[in-house]
Amino acid sequence: MLVAGRIFALGMLIALWIFIIGCMEMAKKKLPTFRKLAGLDALPEMVGRAAEMNRPVHFTTGLGELTGTVAPQLVAGLAVLGYLSELAAKYGVKIVYTVYQPQVMPLATELMREAYVRAGKAEAFDQEDQIRFLSSEQFAYAAAVQGYAERERPAANVMIGPFYAESQLFAETFFRVGSIQLAGTARGYQIPFFAVVCDYLLIGEEIFAAGAYLSKDPMQGGSIQGQDYGKIIAWILMFVGVLLTAAGSPAIMDLLKM
Amino acid sequence: MSLFVRRQIPIAIVAITSIVVMADYFLKIPQTGPVVKDLQNWGVILSAYALGFGAVNLFIVHTRHISKRASGQWPFSIWLLFILAVFAVVGVFIGPSSAQYMWIYNASYFALSATIYSSTGFYIASGCYRALRARNAQAVILLIVGSLALIRNAPAMAAGFPIFVDIDAWLNSVPTTSAQRGIMIGAALGAIALGVRTMIGRETAFLGRRTEAER
C-alpha cells in the first residue's frame, strides 16, 4: 500500500500537518507573537515613496510557474502582490506586474482587480497596462524587465518568487535607476545577489510566511508556529543523527530511507 | 458571481487535486496514476492555451505604445510586433521545426540570449564592488571571504599558494553548505505550511485577499 522509501517522509508530513492545524486552532484563542519582517513592514513606505515621486511600483515573481517545484514560491509572491496592489490603489500609485508565465495572468488579473475594488478604485485598474506579459524565455524576459526599468524608472521594485541567473541583472538595473528594492526567494544560490544589492531581503521560508504575516489572520499566523515545531523536529533528527552516525550506528539513515 | 463560485469551488479543486497527487506519490493505488497523468496533461494544455493570453496582451500593450508614440518605446514596439508576426507566419506556414524557423530562432534568440547571460558578469562585478566595502563587522567578514574566493579562483594565485584552494574548499563545504541546508529545510517547511493553508482554504491570497466579512 505504501511506497517503499517514502514511508518516513509521509509520517513526517502527517506529523507536520497535525502540528500546523493544531497551532492554527490554538491561534484562534491566543495569537502567537512573530518577529518583525522588515521587508514586509517596509511595503507601505515603498509605495509612499512611489507616490511622492510620481513613479510606478514594479513587481515580479521571477521565473515562477504554477506547475513544478517552484509553484509555492509563485503563490507566496502572489500573496504579496495582492497586498501591494491594494496599497498602490489606495495611494494612487501605478503598480506594474511583469509576467514570465502567461498561465499566471488570469490569477494576477483577478487578484489585482479585487485589490483595486477593495481600495474603492476599481476604475483605476488597467489590466493591459499593469499586467504585462513579456516573454516565457528567461533572458528575453530579463532583457524586457531591464528595458522597462530603464524607461519607466519605477520608484520601488518588489521581487518575490523563484529567481535564477537574472536575479543580479534585475537587482543591479533597478538599483541603477534608483528604485528602493525588496527581494525574496527560496533559491539559495540567488540569495547572496539580492542580499548585496537590495534594500530589504526575505530569505527562504520568510517568503512563504509573507501571506500569513500581511493578512493578520490569526489562523494563518498559527500555521507559522506549527512550521516552527517542524524545525524543532528537524533539529532533533539532525542532532540524534550526528550522534548515532558518529557512534557508527546506521539507525537514522535506515529510518530516513524507510 | 457568488462567493461560492469565486472561492469555494477553486479551493475544493485545489484540495482534491493536491490529495490525489500526494496519494499517487506516497501510496500504491493503481487508479491514481492515470488520473495524475491526466492532470499533468491538463496543466500542459492550459499552459499552451494561456500563451494565447500572453500574445494578446503583448499585442495590445505594444499597439498602445505605437498609437501613443510612447517616448523611447514605440520604435521598439513596432520591431517587436514585426518579429512576432515573422515567427508566427514562419511557424504556422512552414512549421516550428523547419530549417527556416530554426535558423531565425538560432540566429536571433540564441545569440541575444547568450549576450544577456554574459552581461551578468559585469553586473556581478559592480555588485561585488559595492558589497566588498568594510562598513561594519558583517561586511568585513564578507570582504575577507569574498577576497579568499577571488584569490582561489585566480589561476596564478591558486597555483602559487595552494593553501587558498584548501581554505576555499572548506568554506564551500562547511559554512556555506550548512547555511544553504538550513535555508533549504526552512523553505521546505514553509512550503508545506503554505500547502496546508491552501488546501484547507485559509490561504486564499492567490484568489484575492478575503475581506473581514468573508473570514
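All of these numbers come straight from a predicted model, not from anything done at the bench. (Residues numbered from 1 in each chain as written. Chains lettered and ligands numbered in written order. Predicted model: local features only at pLDDT ≥ 70, side-chain atom pairs only at ≥ 80, totals over all residues. Heavy atoms only, no water.)

## Re the pairing of strand S1 (residues 57-60) of chain A
Residue and element names in this part refer to chain A. The alternating pattern of S1 places Val57 and Phe59 and His58 and Thr60 on opposite faces, both of which are buried. Note: S1 against strand S2 (residues 95-99), four bridges, orientation parallel. Counted as the bridge partner of threonine 60 is threonine 98 from S2. One crossover worth recording links S1 to the parallel S2 by way of helix H4 (residues 71-91), and it is right-handed. (Buried < 20%, exposed > 50% of the residue type's maximum accessible area, 1.4 Å probe, protein only. Helix = DSSP H or I, 4+ residues; strand = E, 2+ residues; numbered from the N terminus. Pairing = 2+ DSSP bridges. Right-handed = clockwise from strand over helix to strand, strands pointing away.)

## Thoughts on helix H4 (residues 99-131) of chain B
The periodicity of an α-helix, 3.6 residues per turn, causes residues three or four places apart in sequence to face the same way. Over its 33 residues, H4(B) extends 47 Å from the first C-alpha to the last, a length consistent with the 48 Å expected when each residue adds 1.5 Å. The largest bend in H4(B) amounts to roughly 30° and is located at B:Asn106. Packing partners of the buried residues in H4(B) comprise helix H7 (138-152), helix H8 (166-176) and helix H9 (191-197) of chain A together with helix H3 (74-93) and helix H5 (137-153) of chain B. (Expected span 1.5 Å × (residues − 1). Bend = angle between axes of the 7 residues up to and from the residue. Contact = heavy atoms within 4.5 Å.)

## Here we look at the sheet that holds strand S5 (residues 180-185) of chain A
All names here are of chain A. Spatial strand order, S3-S2-S1-S4-S5-S6: six strands in an open sheet with parallel pairing. What marks the edges here is a single partner per strand, and that holds for strand S3 (131-133) and strand S6 (200-203). Averaged over all adjacent pairs, the angle separating strand axes in this sheet is 15°, with direction ignored. For S1 and strand S4 (residues 156-160), the ladder comprises four bridges, and the chain directions are parallel. Looking at S4, one finds that threonine 60 is bridged to methionine 159. Against the sheet, helix H3 (residues 43-53) contacts S1, S4, S5 and S6, and its axis sits at roughly 140° relative to S5. H4 rests against S1, S2, S4 and S5 of the sheet, and its axis sits at about 160° to S2. (Axes fitted to C-alpha atoms, helices over the stretch in contact; angles between N-to-C directions.)

## Some words on the interface of chain A and chain B
Every contact between the two is made by 76 residues of chain A and, on the other side, 59 residues of chain B. Of all residues in chain A, A:Glu128, A:Phe139 and A:Phe208 give up the largest surface area on contact with chain B, accounting jointly for 10% of the area buried on that side. Here chain A and chain B share four salt bridges between them. Between A:Glu128 and B:Arg64 there is a salt bridge, with the nearest N and O atoms lying 3.8 Å from each other. Sorting elements by how many residues they give to the side of chain A that touches chain B places helix H11 (residues 218-246) of chain A first, with nine residues. (Buried area = accessible area lost by both parts, 1.4 Å probe. Salt bridge = Lys/Arg side-chain N within 4 Å of Asp/Glu carboxyl O.)

## Side note on the domain arrangement of chain A
All names here are of chain A. Domain assignment breaks chain A into domain 1 (38-215) and domain 2 (217-258). Computed from C-alpha coordinates alone, the two centres of domain 1 and domain 2 are separated by 33 Å. The interface of domain 1 with domain 2 comprises five residues on the first partner and six residues on the second. Summed over both sides, the interface of domain 1 with domain 2 buries roughly 440 Å², with 44% coming from carbon and sulfur. Contact with domain 2 buries surface across domain 1, with Glu205, Ala212 and Ser215 losing the most and accounting together for 80% of the total. Residues glutamate 205 and lysine 231 are paired through a salt bridge, measuring 2.7 Å at the closest nitrogen-oxygen approach. In this structure, the connection of domain 1 to domain 2 is made through three residue pairs in polar contact (both at pLDDT 80 or more). (Domains from an automatic or database assignment. Polar contact = N/O pair within 3.5 Å; in protein donor to acceptor, adjacent residues only side chain to side chain.)

## Observations concerning the pattern of salt bridges
Applying the stated rule across the entire model yields 18 salt bridges over all chains. The salt bridge involving B:Arg64 is made with A:Asp126; its shortest N-O contact spans 2.9 Å. Remark: A:Asp126 occurs in the loop between helix H5 (105-118) and helix H6 (127-130) and B:Arg64 occurs in helix H2 (residues 32-68); the pair is interchain, linking two chains. Here A:Asp126 falls in the partly exposed class, since its relative accessible area comes to 25%. For the salt bridge of A:Arg153 with A:Glu150, the shortest nitrogen-to-oxygen distance reads 3.9 Å. Since its relative accessible area comes to 36%, A:Arg153 is described here as partly exposed. Overall, the relative accessible area of 32% leaves A:Glu150 in the partly exposed class. If you follow the salt bridges from partner to partner, you end up with A:Glu86, A:Lys90, A:Glu114 and A:Arg118 in one network.

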